[in-house]
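# Residue-level structure breakdown
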Amino acid sequence: MEISQFTQRFMQIEEELGLFRVTDSLSFPWWDAVRYHVQKLVFPHLVQAPAPVAAGTPPLPERLRNLVERLRLRCLLNLRAVFLRHDVLAFRSPRIVREGRRSDIALDHLLPLCPGRHLVIDSSPHRYDRSFSKPSQLAPRPPGLERIEAEIEKAFGIAIDLDTFVRHRLHDFERSYRRYRWLLRRVKPKLVLLSQDGIQKGLFRALRESGTPCVEVQHGLINASHPAYGYPRSVSGDGLSMFPDVLFAFSAFWIKGCHYPARSHVAVGNDNFVPKTGAEGTSGDDILVIAAGAFQTTKPSDL
């Protein structure tokens, strides 16, 4: 089964079980906090993909340096949140290193356009803005979980126990929600910009409750098969509290290719590989290179 077939059938199950039903705009379905993780768990089992190779444990000195750096950054963030006021709170994902400096290819173009004081949080290489739940920390078992397990087994032929898996991630969701609620109450930003955070549901919930406008900036590929950006067509961002107010997409192509229930979508680029200005047409011998710079070491110019 291909990933597109899997996600379509998965979304049918979600609609049939009514997993996104809510009563008001501040309510949230518990399922939305874990669906991304459940899809990432089920599909490899379905296609019998080999288990990913675990990264080796870094040497003790390196682990200690990373711990000290995270604590330093966390303390600085808390001090700025308590004693300073900022107009814009931004969550960058600077995964690309250029000339010794980390950059966020999307957000770095938008931040200079935002007036006022900026508080910028980098999610890479250290995630210091929040802490994560331990594997032993579990939330209460959510209602209807056994029905979801039964439908997954019926649709995909996989018997899977989601109890501990889901309860741990719900605990982590609540932990992140409380942390971001505290942060927003302290900073009181007029606008939040974020990149690479489509699965940070705790942050989105805290934002909707605070009434703070939020703009998510497309960070890479998004389509109907992406578990964080492909939702059933019946799901509306107006009725759920765990989506951004606005999604800035590279072009209309990406907006049409998935159903991501932000309240509104804005294409900030275009669908043309070759700008209309400049040389007319091509010679027929040109090569189009589509590359994901964050995941490669070879520059397109070196190919």
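In what follows, the accompanying structure is described. The residue numbering used here restarts from 1 in each chain and proceeds along that chain's sequence as written. It should be noted that, the model being predicted, local features are given only for residues of pLDDT at least 70 and side-chain atom pairs only at 80 or more, the latter also being counted only at that level, while totals for whole chains, interfaces and linings use all residues. Where side-chain values are given, they derive from all heavy atoms of the structure, hydrogens and water being excluded.

### Some thoughts on the overall build of the protein chain
Secondary structure summary: the protein chain contains 8 helices and 8 strands in total. Each of the 303 residues in the protein chain was classed as buried or not, and the buried ones make up 41%. For the protein chain, the share of sequence-separated contacts (at least 6 apart) that also reach a separation of at least 24 residues comes to 70%. Shrake-Rupley sampling with a 1.4 Å probe provides the accessible areas, and residues are treated as covered by the protein chains on show and by no other component. Approximately 17,200 Å² of the protein chain is accessible, and the part contributed by carbon and sulfur atoms is 55%. Segments assigned H or I by DSSP are reported as helices when at least four residues long, segments assigned E as strands when at least two residues long, and all are numbered from the N terminus. Residue exposure (1.4 Å probe, protein chains only): buried if accessible area is under 20% of the type maximum, exposed if over 50%, otherwise partly exposed. Contact criterion: two residues are considered in contact whenever any of their non-hydrogen atoms come within 4.5 Å of each other.

### A few points about a nonpolar patch on the surface
Candidate patch residues must exceed 30% relative accessible area and have no salt bridge, after which like charges are joined if within 9 Å and Val, Leu, Ile, Met, Phe, Trp or Tyr side chains if within 5 Å. Within this document, salt bridges are pairs made up of a side-chain nitrogen of Lys or Arg and a carboxyl oxygen of Asp or Glu, the two lying within 4 Å of each other. Together, Leu76, Leu79, Val82, Phe83 and Leu84 make up an exposed nonpolar region whose accessible area comes to about 430 Å². Here Val82 lies in helix H3 (residues 60–83).

### Section: the sheet that holds strand S6 (residues 214–217)
Ordered by their spatial adjacency, 6 strands build an open sheet running S4-S1-S5-S6-S7-S8, and the pairing between neighbours is parallel. The sheet is open, and its two edges are formed by strand S4 (118–122) and strand S8 (264–267), each paired on a single side. For this sheet the average axis-to-axis angle between neighbouring strands, irrespective of direction, equals 20°. Think of it this way: DSSP has to see at least two bridges between two strands before they count as a pair. Judged from the 4 bridges that link them, strand S5 (residues 191–195) and S6 form a sheet pairing that is parallel. Residue pairing in the sheet places Leu194 in a bridge with Glu216 of S6. Helix H6 (residues 163–187) rests against strand S1 (88–92), S4 and S5 of the sheet, and its axis sits at about 140° to S1. Only the contacting stretch of a helix is used when fitting its axis, a line to C-alpha atoms as for every element, and angles between N-to-C directions run 0 to 180 degrees. On the sheet, helix H7 (residues 201–210) packs against S1, S5 and S6 and is oriented at approximately 150° with respect to S6.

### Looking at the nonpolar core
Buried Ala, Val, Leu, Ile, Met, Phe, Trp, Tyr and Cys residues form a nonpolar core when they are joined through side-chain atoms within 4.5 Å. One finds Trp31, Val38, Phe91, Leu162, Val166, Leu183 and Tyr260 to be the most contacted residues of the largest nonpolar core, which totals 57 residues. In terms of residue count, the dominant contributor to this core is H6 (9 residues). The contact partners of Phe91, leaving out residues within four places of it in the chain, are Leu107, Ile121, Asp129, Tyr180, Leu183, Val192, Leu193, Leu194, Ser195, Asp197 and Leu203.

### Some thoughts on unusual backbone geometry
With omega at 5°, the peptide bond leading from Ser124 into Pro125 counts as cis. Even without a glycine there, the phi angle at Gln48 is positive, about 55°. Among the structural elements, Gln48 can be located in the loop between helix H2 (35–47) and H3. With relative accessibility at 71%, the residue Gln48 sits in the exposed group.

### Considerations on the side chain of His126
Relative to the elements of secondary structure, His126 occurs in the loop between S4 and helix H5 (145–156). Residue classification places His126 among the buried positions, given a relative accessible area of 15%.

### Concerning the side chain of Ser225
Positionally, Ser225 belongs in the loop between S6 and strand S7 (246–249). Filtering out sequence-adjacent residues up to four positions away, Ser225 remains in contact with Ile3, Ser4 and Thr7.

### Details of the packing of H6 against H7
Between H6 and H7, the least distance of the axes is 7 Å, while the angle of their chain directions is 40°. If you check the angle between H6 and H7, you find them oblique. Between H6 and H7 the crossing geometry is right-handed. Contacts between H6 and H7 involve Phe173, Glu174, Ser176, Tyr177, Tyr180, Arg181 and Leu184 from the former and Lys201, Gly202, Leu203, Arg205, Ala206, Leu207, Glu209 and Ser210 from the latter. Residues were grouped as follows: Ala, Val, Leu, Ile, Met, Phe, Trp, Tyr, Cys and Pro as nonpolar; Asp, Glu, Lys and Arg as charged; and all remaining residues, including Gly, as polar. Along the lines of polarity and charge, the residues of the contact of H6 with H7 split into 7 nonpolar, 3 polar and 5 charged. Angle categories: roughly parallel below 35 degrees, roughly antiparallel above 145, roughly perpendicular from 65 to 115, and oblique for all the rest. By convention the crossing between two helices is left-handed if the near helix lies anticlockwise of the far one by an angle smaller than a right angle, and right-handed if it lies clockwise.

### Considering the packing of aromatic side chains
Two aromatic rings are characterised by how far apart their centres lie and by the angle between their planes. Any two rings among Phe, Tyr and Trp, with Trp reduced to its six-membered ring, count as a pair given centres within 6.5 Å; such a pair is stacked if its planes are under 30 degrees apart, edge-to-face if over 60, and tilted if neither. Overall, the coordinates contain 11 aromatic pairs when judged by the stated rule. Ring geometry for Phe6 versus Phe10: centroids 5.6 Å apart, planes at 45°, classification tilted. With a gap of 4 residues between them, Phe6 and Phe10 both fall in helix H1 (residues 3–16), about one helical turn apart. When its relative accessible area of 0% is taken as the criterion, Phe6 is described as buried. A residue is classified by how much of its surface remains accessible, and Phe10, at 3% relative accessible area, is buried. When the NZ atom of lysine or the CZ atom of arginine is within 6 Å of a ring's centre and also within 35 degrees of its normal, the charge is said to sit over that ring. In this structure, Arg130 is placed above the aromatic ring of Phe132, and the distance from its NZ or CZ to the ring centre is 4.0 Å. The residue whose ring lies beneath Lys201 is Phe243, and the NZ or CZ to ring-centre distance is 4.0 Å.

On their own, these measurements won't tell you what the molecule is for.
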